Amino acid sequence: MSSTTDQSKQDLIGQEEVARWLVFSSFWGFIFHILSFLSMLISHRRQPAPVNAKPALTAMALHTGAFTLGGSLFSAYSSFKRGKSGVQNVRDRIADGTVERIVVVRAIGAAVGAVCSLLLAVGSIKVAEQITEEKVFPEGDSIDWGKATVASAFSIGTVAAAVGQIAAWIVKDTRQSIKA
Amino acid sequence: MKTTPDPQPLIGKQDVARWLTISGFWGFVFYLLAYLSMLLSQRRQPVLVNAKTVLVGMILHIFALITSGSFFSAMTSVLRGTSTTQDARKQAATNLLERTVVLQGVSGAIGSIIPFTFSRRCLQMAAKITGQEAFPAGEGAINWHQAQLLMAFFVGVVGTIVARISAWVADDHVKAREEQK
């Protein structure tokens, strides 16, 4: 009985699963942080805006680390809840054409979710400032948060749309090459 | 009377859409990474930044990369005699994506000198347009060797990851087809 459970757990979370979680979540954590950070930087009311590199780099490492951990845990939880591995889930979505159909929906979802990314970036910056004892943005009070949120949503939405569209083309190319 | 299907054009709508999307995406990502590398390689802290010049530089860089990327793709299509979409499908059939993941990352890191120089030129041009330096401390305050190394590292990592994800997407499709059979 227990060996069956172990086997099903192994099927749900394999080596490739973990590799994918780490690659996907670290990539998106890094991209989300850069876009959120730059959105804050360009939204200073007073120009030129000052920024300290050391705490900025520390915040980037913290954000990427937190996103990798959070993203991996979320993926593991989703796999258990669905009773299906993440890899299998992606294959099913490719087979039924979902990947190609939801490019725009995914981009809009990412743009809305950019608020979470901005909040995580702000949290990482605060922790980095405590670690390095230096302010990332010494004139942080001059940030126009409305503008920063819009810039973050726009840039994240655009990147997600481009990546989603490129992935859909890869699926289409592979389908055509199999037919040929 | 039998009609033969029209041959596929060398440059179709989808080819152009792909050039614009892919070169626009990389133009944006390369500029962000180059700018970030310069920002993190300043000798004096805190670094002062003019947002307007940075944004104008970004638009110039994306536009330059879309133009040159599309021109290069069109030239390649004409020289090879196949459309870039057909070429991508042939590559998908040979499993090339899976085999060249590391190679793409390494060549991205080495080749990053080109978008880095491009980004630097775009920032200089943007400064002439706006009348404000992107970094008011001047170019002398940047440790250029460190900035180029950082850029190579960032592009190498991002290039490897994007190649890895693309290979997984292609592989997933093949496996999904096999499971359907």
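Refer to the structure presented above.
Predicted, not measured: the structure shown is a model, and the values here were computed from it.

Peer 1: How should I be thinking about the overall build of chain A in this particular structure?
Peer 2: The helix and strand inventory of chain A stands at seven helices and one strand. Taken from the N to the C terminus, the helices and strands of chain A come in the order α-α-β-α-α-α-α-α. Summarising its shape, the C-alpha atoms of chain A cover approximately 60 × 45 × 25 Å along the three principal directions. Classification of the 180 residues of chain A by burial places 42% in the buried group.

Peer 1: For this particular structure, what's the right way to read the overall build of chain B?
Peer 2: The helix and strand inventory of chain B stands at seven helices and one strand. In chain B, the order of α-helices and β-strands from amino to carboxyl end is α-β-α-α-α-α-α-α. Taking 16 Å as the expected radius of gyration for a compact globule of 181 residues, we find that chain B reaches 20 Å, considerably beyond that expectation. When its C-alpha atoms are laid out on the principal axes, chain B stretches across 75 × 35 × 25 Å.

Peer 1: How do you make sense of the interface of chain B and chain A when you look at a structure like this?
Peer 2: A common way to report how large an interface is uses the accessible area buried once the components associate. Contacts between the two partners involve 38 residues from chain B, matched on the other side by 35 residues from chain A. Among the elements of the structure, α1 (13-40), β1 (47-49), α2 (51-80), α3 (84-93) and α7 (144-180) of chain B are those that each provide at least two residues to the side of chain B that touches chain A. Counting residues per element, the side of chain B that touches chain A draws most heavily on α7 of chain B, at 15 residues. For the side of chain B that touches chain A, the per-class residue count stands at 24 nonpolar, seven polar and seven charged. As paired strands, strand β1 (residues 49-51) of chain A and β1 of chain B are joined by three bridges and run antiparallel to one another.

Here is what the cut-offs are and how they apply
- Residues numbered from 1 in each chain as written.
- Chains lettered and ligands numbered in written order.
- Predicted model: local features only at pLDDT ≥ 70, side-chain atom pairs only at ≥ 80, totals over all residues.
- Helix = DSSP H or I, 4+ residues; strand = E, 2+ residues; numbered from the N terminus.
- Buried ≥ 20, exposed ≤ 12 C-beta atoms within 10 Å, placed from the backbone.
- Rg over C-alpha atoms; globule rule 2.2 N^0.38 Å.
- Contact = placed C-beta atoms within 7 Å.
- Nonpolar A, V, L, I, M, F, W, Y, C, P; charged D, E, K, R; others polar.
- Pairing = 2+ DSSP bridges.

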